Amino acid sequence: MKKSVLALGLIGLVSLPTFAASTDGGAYVGGGLSVYQDSDTDGHGSLDSDGMGYNLYGGYQFNRIVGVELGYNDYADYKNGAEKLSPTSISASANIGYTFDNTIRPFVLAGLSSVDLHANQAANYGHDSGTGFHFGVGVEYTPIEHLTLRLISQADAVSVDDYSYKGSLKNDDHTLAFNSVSFGGSYNF
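None of these values were measured; they are calculated from a predicted model.

What the chain contains, in helices and strands, is 1 helix and 12 strands. The order of α-helices and β-strands along the chain, N terminus first, is α-β-β-β-β-β-β-β-β-β-β-β-β. Looking at the chain residue by residue over its 189 residues, the buried ones come to 39%. Within the chain, residue pairs in contact and separated by at least 24 positions form 62% of the contacts whose partners lie at least 6 positions apart.

Pasting the structure below:
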């Protein structure tokens, strides 16, 4: 009797991810904590990260392959000498991947974002916000129905104007990119 109950319990646990994968789409909301991965300043000095960031996201998965996603990313604080930035972004992206029967789903994000650098005066940016490009690569796993865990490397790139004074006022633009690795979870409706 005990062996039969144990066998049924094990079969139930093994089939739970398959049951969770049977949902081929739907709405979801989630969030995660992120750590600095890299930053690119287009040759204008390296940025050091300070602290952890976070992200909030939500979207709709149309099927096992295609979805759309809205996101908010706080990339924590960056500094380069007296220059300080606290970049955030709001993005709208396509979510393209594939959900396997074992509920593992590799995916990519690609879309547009509105980036605000929240730069201090020492950064000398003429406009510290603008439209950027949001992209990411990640993997999701749904261990139980309604819960999806996510590991993602994502970034925002934005072109900004900066000012410098070397005998005369000089206006130059360059591209900044902020990249983080995030682990989080979402609730699937």
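Now that the structure is up, let's keep going.
As a further point, take the nonpolar core. Tyr75, Tyr78, Leu85, Val115, Leu117, Val158, Val160, Leu176 and Phe178 form the largest nonpolar core, which has 9 residues in total. Elements that contribute at least two residues to this core include exactly strand 11 (147–165) and strand 12 (169–188).

What follows covers the pairing of strand 4 (residues 66–74). The pairing of strand 3 (residues 53–61) with strand 4 spans 8 bridges and is classified as antiparallel. Pairing of glycine 58 across the sheet is with leucine 70, part of strand 4. Between strand 3 and the antiparallel strand that follows it, strand 4, lie 4 residues.

Within the secondary structure layout, phenylalanine 183 lies in strand 12. A sequence separation of 152 residues divides phenylalanine 183 from glycine 31, and the C-alpha atoms of the two residues are 8.4 Å apart. Excluding residues within four positions of it along the chain, phenylalanine 183 makes contact with Gly32, Leu33, Arg150 and Leu151.

Let's shift gears to unusual backbone geometry. The general pattern is negative phi for most residues beyond glycine and trans for most peptide bonds. Within the chain, threonine 103 stands out as a residue other than glycine whose phi angle is a positive 75°. You can see threonine 103 is positioned in the loop between strand 7 (88–97) and strand 8 (104–116). One non-glycine residue, histidine 146, adopts positive backbone phi at about 80°. Note that histidine 146 resides in the loop between strand 10 (129–144) and strand 11.

So, on to the pattern of salt bridges. Applying the stated rule across the entire model yields 4 salt bridges. The residue arginine 150 makes a salt bridge to glutamate 140 at a minimum N-O spacing of 2.9 Å. Here arginine 150 is found in strand 11, whereas its partner glutamate 140 is found in strand 10, with 10 residues between them in sequence. Residue arginine 150 is classed as buried on the basis of its relative accessible area, which comes to 4%. Relative accessible area serves as the criterion here: at 11%, glutamate 140 is assigned to the buried category. Members of the salt-bridge network, linked through shared partners, are Glu69, Arg105, Glu140 and Arg150.

For the rest of this paragraph, the subject is the pairing of strand 7. Bridge count between strand 4 and strand 7: 9 bridges; the pairing is antiparallel. For tyrosine 72, the partnering residue across the bridge sits in strand 7 and is isoleucine 90. Examined bridge by bridge, strand 7 and strand 8 share 10 bridges and lie antiparallel to one another. Residue pairing for strand 8: alanine 92 is matched across the bridge by leucine 112. Where strand 7 hands over to strand 8, the hairpin turn is made up of 6 residues, of which threonine 103 adopts a positive phi near 75°.

Here the focus is the side chain of glutamine 61. Topologically, glutamine 61 is positioned in strand 3. On the accessibility criterion, glutamine 61 (10% relative accessible area) is buried. Of the polar contacts made by the side chain of glutamine 61, one reaches the backbone oxygen of valine 66; its length is 3.4 Å. In this structure glutamine 61 touches Asp24, Gly25, Gly26, Tyr28, Val66, Gly67, Asn95 and Arg105, once residues within four positions along its chain are discounted.

What counts and how
Residues numbered from 1 in each chain as written. Predicted model: local features only at pLDDT ≥ 70, side-chain atom pairs only at ≥ 80, totals over all residues. Heavy atoms only, no water. Helix = DSSP H or I, 4+ residues; strand = E, 2+ residues; numbered from the N terminus. Buried < 20%, exposed > 50% of the residue type's maximum accessible area, 1.4 Å probe, protein only. Contact = heavy atoms within 4.5 Å. Core = buried A, V, L, I, M, F, W, Y, C linked by side-chain atoms within 4.5 Å. Pairing = 2+ DSSP bridges. Salt bridge = Lys/Arg side-chain N within 4 Å of Asp/Glu carboxyl O. Polar contact = N/O pair within 3.5 Å; in protein donor to acceptor, adjacent residues only side chain to side chain.

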